[in-house]
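In case you want the letters, here they are:
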Amino acid sequence: MGRYLLERAVQACVVLLVVSTLTFLMVSLAPGGPEIMMTMESTPEQREALTRQLGLDQPLVVRYVKWVASALRADFGRSFGDRRKVNEVIRERLPNTLLLGGAALAVSILVGIPAGIISAVRRYSASDHVVTFFSFIGVSIPAFWFAILLILVFTVHFKLLPASGMATPGVPFSLGNRLLHLILPATVLATATLPNLVRFMRSALIEEIGQDYVRTARAKGLPNRLVLSRHAIRNALIPVVTVLGVLIPRLVGGAVITETIFGWPGMGQLAVASTIGRDFPMVMGITVVVAVVVIVSNLLVDLAYGWLDPRITYG
Amino acid sequence: MASTPRPAEARVAAAAVALVGPEPARTLWRIAARRLRRNPPAMIALAFLVAVHLAAAIGPALLPTDPFLTNPLLSLRGSSAEHPLGTDEVGRDVLARLILGARVSLAVGFVAMVISVSLGVAVGAIAGYAGRWEDVVLMRLTDAMMALPTLFVILAALAVFGGGPVTATVVIGLTAWMPVARVVRGEFLRWRVTEFVDAARAIGARDGRIMVRHILPQVVPSIIVAATLNVAFAILTESAISYLGLGIRPPLPSWGNMLQNAQIYIWSAPNLAVYPGVLILCTVLAYNFLGDGLRDALDPRLKL
Amino acid sequence: MRVRILALVVGVLLVTGSLIVPARGAPAGGGSIAFPIVGDPTFNPWHPRHFVESIFVTRVLFNGLTKWGKESRWVGDLAESWEVSADGLTWTFKLRRGVKWHDGRDFTADDVKFTYDIVLNPQLGATGRAAFTNIREVRVVDPATVQFLLSAPQASLVAAVGVNAGIIPRHAFANVAPANYWTHDAFNKRTPIGTGAYKIREYVSGSYVTLEKNPAYFGGAPSIDTITFKVLPDVNAQIAQFLAGDLTIIFIDNPALVRAVRGRPNVEVNTLPQNNFYYMAPNFRNALFQDRRVRQAIMHAWDRPAMIKGFLEGFATPASSPLTPVLRNFFNPNVKTYEFDRAKARQLLAEAGWRPGPDGILVKDGQRFRFALSYPTVQYFEPLAALVQQYLRAVGIEATLDGADFNTFIAQKLLPRRFDALLGWWIMPEDPDFFNYAHSSAAERGFNLPMYSNKDADALMEAGRKATSLAERERIYKRLQELMAEDLPYLQLWWPNEIRAWHTRLKGVPPIHLRAAFQWVNEWRLE
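Residues numbered from 1 in each chain as written. Chains lettered and ligands numbered in written order. Predicted model: local features only at pLDDT ≥ 70, side-chain atom pairs only at ≥ 80, totals over all residues. Heavy atoms only, no water.

S.K.: Explain the overall build of chain C to me, please; I cannot follow it from the model alone.
M.R.: Looking only at helices and strands, chain C features 16 helices and 23 strands. Rg of the C-alpha trace for chain C: 25 Å, near the compact-globule value of 24 Å for 527 residues, within the 12% margin. With the C-alpha coordinates of chain C rotated into their principal frame, the extents come out at 75 × 70 × 40 Å. Burial status across chain C gives 63% buried among its 527 residues. Relative to all contacts within chain C whose residues are 6 or more apart in sequence, the contacts with residues 24 or more apart total 68%. Carbon and sulfur atoms form 50% of the exposed surface of chain C, whose accessible area is close to 18400 Å². Each charge sign in chain C was given a centre, from 59 positive and 50 negative side chains, and these centres are 3 Å apart. (Helix = DSSP H or I, 4+ residues; strand = E, 2+ residues; numbered from the N terminus. Rg over C-alpha atoms; globule rule 2.2 N^0.38 Å. Buried < 20%, exposed > 50% of the residue type's maximum accessible area, 1.4 Å probe, protein only. Contact = heavy atoms within 4.5 Å. Areas by Shrake-Rupley, 256 points an atom, 1.4 Å probe, with all protein chains shown as cover. Lys, Arg positive; Asp, Glu negative; His and termini not counted. Charge placed at Lys NZ, Arg CZ, Asp CG, Glu CD.)

This is the structure:
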């Protein structure tokens, strides 16, 4: 185990290096630049001054080496936008994203897995069709549309929930207040992630129920529930767990629309703003964070495989 | 708890098929087709997909209205005789645009799905079955691809290859294969250590054959799920990247960009978002039911 | 079908109009208001990252030397009065006395010099610097007097020192080297110190910033206790929050959104003309557009009243030249105008030698009239481009649409002038000085995007900057408008109106554009 983890750590370093190099290249390839500025009314002199200040007049290789050198000291430099330290901004934003993403993930798991199980066990029943239908609505409904609808119903009409932000401005922090603000964005986000779990749970479990051992166990008179919960579901969880490993990084970097509409100051919003402004250091910082999340969640998935099915080994 | 998948009879049947040759195989297909015909959701789905594709192929030529003709004085109108589904923000006929937009959306959705699923299945199968360094290399590559900032991948592709629907489709396909690969690999990891694979190996089956004939069929349900989810992903992503200048260019419509443009009119004309949204939903549902139906039809365990 | 039902729900909710939270009974004076901003603000008005997301906040925190007055003319802000030397090269500003910074220190002429030294330092690339390129030096005469020494006359300086030109305190940068001004987070991102009506109370990065009233404000103590600027990049979210009562006042960027708020109880939607100009800029280096008759034909080819009525919900006026009626005395209503008339457009094109080809597209000397229409994918430019394309198609001109995201658009089209024609807009200070936008010296590196070059126009724009008497300036700029209407450096679309909505309990917002109205925020009050 220790050796396995060590190997994975070494691999992780390679992945980080590859990702950062590729991203650095792509960022430089992309049209536009931070010196362009989001206004038509800036002069060439201003742009030249900014290019110098931001070090963009240096060759790509020099800039990359400098970046790697400071990144190794966990210093991602300063934003090309408001010039704050990238580390500081990410430290502010990451917990917000983890809270929102975590809530959405919890809802997805708590609702998605049981729904997938029901759908599989009562295959082709009315409840299966209902679950299928709603899960595809979840995939197809545009987040902006669903979010506005929820705000109209729950905020504007029934005045039950706050429409945006993480807390009521000026009110001291309280858990209740934070949770109230969390409900709508977490719902929207979960609606998009949940169908993935439902669909994979359903298909894997159907496959599992069709297996010999389940039939045999049933024939021997083992109660259906027991067969399902002890064996079939556990085996069927392998694709579901894999998908979880894919969803987690997406929640960290990709909850853009939800964060934007609900004014939730998270990483997704930051990622898009820094892409639009070509804020290279911020993009690099966010990419490294997302890469770490990818690596860790896929490692956890691989470890979970061994737990779900002890025969699975690597190598 | 170990599972004992695949009844011995099935394995014998498979072996028989391999020995006897194509004749029984054709029978199997016929059986499958018969099963499919008896599956109402799958048939409805098939009918819907055929209808949508036909409409996309020949509809624009038959339509009396020009999907590009603007008239600001007729903007955001509801249904009428000339405009059955009303008009958009510059007075273009929504129905005509939906029919023309189906071309792009169906093509992008399907082709990008095929790219991402084939790539994902190939990578996942090799990594999961071979293990060792193949697994390490392929999975770390997958990790790296998942970590790259998609927006910049698109912008860089735009800079290198230029815009256009083909580039867009390929880019979408190339940014969506990783989840498929992860899922397929997970399943391969599990099935490769089961008894029937050991048995196949014992009778001297080669790796390629074991992967394709023995393990892959077990993984098909997950692949179908991934494929249907990827169709939806591709259709919706196409609109997001056309905003960046990649993909189809206005005034050409796609369901995705119609949905995107409807965003600002959600207050004055919510229907503008509903029509393309419902079409995307129905298309994805149809792919799903057809996929489910195909899986059942091809399942050797199910009795007729 | 579920989606349709949801759509119905939205529709019904909208129609019933029962969406407004009733105004809470706040006592006269006090209370708090909230306004949306589109991104995380930067509090230093000269920071290279100070853009539209920050200007509303900094206009409340800081004061410039002048500001746009309620009577639609430039009035003193930190400056009490000013005079210009006869040669137009020396401007002397008398500063208001007794003004205090938010931290209690005295505001003096040194702060003005400090601020403009930042702007004039070419190494710093301060935002907004373009308006001040004629300033040679800023000199402190005494603690209440500063002199601006110019290298060329610029009558519009009075406007330039009043637009996003907040004076910042020297003492807040006491131990900071100029090279580190932009990384001085303590001021730029945390605790700005201004002279304005409100001072910083709480800032939550990416979320909101709350300002509280500055009772010692030299313009008179504010009535409203706090203003919260909420970071809300999405316009639909802004509307929803406004309907929910979480925002007191919003700015409606796209007329399509007006229907969401118009006609609701306790909501006032109002609109006023602004000094803002939408256009299609032809590239004068492209042979297609060099013939004036072609440009005039395009002006006849599009139906601007129809676009304004149907597409902009009526919130704009067809432009007769780049200079708007907001400029009052400078505005010339008697210039050549272009009504929608396809026959006339075709005739002008025919006079220019363009004949319809087999597919209806015009041909001249074997060349088709075909060009790429570039635009940024922001605001409503994409549907607008589709409209323009269809209008041009109807007179035999083929335009292909070439949209790009804003940064790419500026980098690849606008700066290298690599475009055939582009759609854009100018938001200008309330002054007729159009030098930067159309003078031939601004063609390659300035904002003269069409790369227009006309000796008569150049002479007028130069004279307008030198003129010291108002009457003379009026005469010059009226002539310039005649010339531009005739010669068309920009193919004029419209002057859009500003649209704002607020809950009716908010009173005292002066009838000037909102960016300027925020500089009078101490007079706003809640009922």
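Now that the structure has been shown, we can carry on.
S.K.: Is there a simple way to think about the interface of chain C and chain B in this case?
M.R.: How big an interface is tends to be reported as the loss of accessible area on association of its parts. Of the residues lining the interface, 33 residues belong to chain C; the matching set on chain B comes to 29 residues. Of the roughly 2700 Å² buried at the junction of chain C and chain B (both faces included), carbon and sulfur atoms supply 64%. Our count for the contact surface shared by chain C and chain B stands at 0 salt bridges. Inspection of the region where chain C meets chain B yields 5 residue pairs in polar contact (both at pLDDT 80 or more). When contributions to the side of chain C that touches chain B are tallied by element, the ones reaching two or more residues are helix H1 (2-16), helix H6 (235-244), helix H7 (258-261), helix H9 (304-311), helix H11 (381-393) and strand S19 (398-404) of chain C. Broken down by element, the side of chain C that touches chain B gets its largest block of residues, 7 residues, from H11(C). Across the side of chain C that touches chain B, the residue classes tally to 19 nonpolar, 7 polar and 7 charged. (Buried area = accessible area lost by both parts, 1.4 Å probe. Salt bridge = Lys/Arg side-chain N within 4 Å of Asp/Glu carboxyl O. Polar contact = N/O pair within 3.5 Å; in protein donor to acceptor, adjacent residues only side chain to side chain. Nonpolar A, V, L, I, M, F, W, Y, C, P; charged D, E, K, R; others polar.)

S.K.: Help me understand the domain arrangement of chain C, please; the structure alone is not making it clear to me.
M.R.: Residue and element names in this part refer to chain C. Assigned domains of chain C: these are domain 1 (2-60 + 183-271 + 498-526), domain 2 (66-173) and domain 3 (276-497). Using only C-alpha atoms to locate each centre, domain 1 and domain 3 end up separated by 34 Å. Contacts between the two partners involve 11 residues from domain 1, matched on the other side by 8 residues from domain 3. A buried area of about 870 Å², summed over both sides, lies between domain 1 and domain 3, and 53% of it is on carbon and sulfur atoms. On the domain 1 side of the interface with domain 3, the three residues burying the most area are Pro 255, Thr 271 and Glu 498, jointly 40% of the side's total. For the pair domain 1 and domain 3, the number of links is 2 salt bridges. Note that Arg 262 and Glu 313 form a salt bridge whose closest N and O atoms lie 3.6 Å from each other. At the junction of domain 1 with domain 3, the criterion picks out 3 residue pairs in polar contact (both at pLDDT 80 or more). Contributing elements (two or more residues each) for the side of domain 1 that touches domain 3: H7 and strand S21 (491-503). By residue class, the composition of the side of domain 1 that touches domain 3 is 4 nonpolar, 3 polar and 4 charged. (Domains from an automatic or database assignment.)

S.K.: Explanation requested: the interface of chain A and chain B in the structure shown.
M.R.: Each partner contributes to the interface: chain A provides 67 residues, whereas chain B provides 66 residues. When the two sides are added together, the surface that chain A and chain B hide from each other amounts to roughly 6000 Å², 67% of it contributed by carbon and sulfur. Three residues stand out in chain A for area buried against chain B, namely A:Phe136, A:Glu207 and A:Arg311, and they jointly supply 11% of the buried area on that side. Viewed at the interface, chain B and chain A are joined by 7 salt bridges. Two residues, B:Arg190 and A:Glu208, come together in a salt bridge whose shortest N-O distance is 2.7 Å. Counting residues per element, the ones that place at least two in the side of chain A that touches chain B are helix H1 (2-29), helix H5 (126-140), helix H6 (143-157), helix H7 (175-209), helix H8 (212-219), helix H9 (224-254), helix H11 (267-276) and helix H12 (280-308) of chain A. Here the side of chain A that touches chain B is built from residues that sort into 36 nonpolar, 18 polar and 13 charged.

S.K.: Any chance you could explain the packing of helix H4 (residues 94-130) of chain B against helix H12 (residues 271-298) of chain B here in plain terms?
M.R.: Relative orientation and spacing of two packed helices are given, respectively, by the angle between their axes and the distance between those axes. Residues and elements named next belong to chain B. Running from N to C, H4 and H12 cross one another at 40°; their axes reach a closest spacing of 11 Å. By the angle between their directions, the pair H4 and H12 is classed as oblique. By crossing handedness, the relation of H4 to H12 is classed as right-handed. Contacts between H4 and H12 involve Val 94, Leu 98, Leu 106 and Phe 110 on the former and, on the latter, Leu 272, Tyr 275, Pro 276, Leu 279, Thr 283 and Tyr 287. In terms of residue class, the contact of H4 with H12 is made up of 9 nonpolar, 1 polar and no charged. (Axes fitted to C-alpha atoms, helices over the stretch in contact; angles between N-to-C directions. Parallel < 35°, antiparallel > 145°, perpendicular 65-115°, else oblique. Left-handed = near helix turned anticlockwise from the far one by under 90°.)

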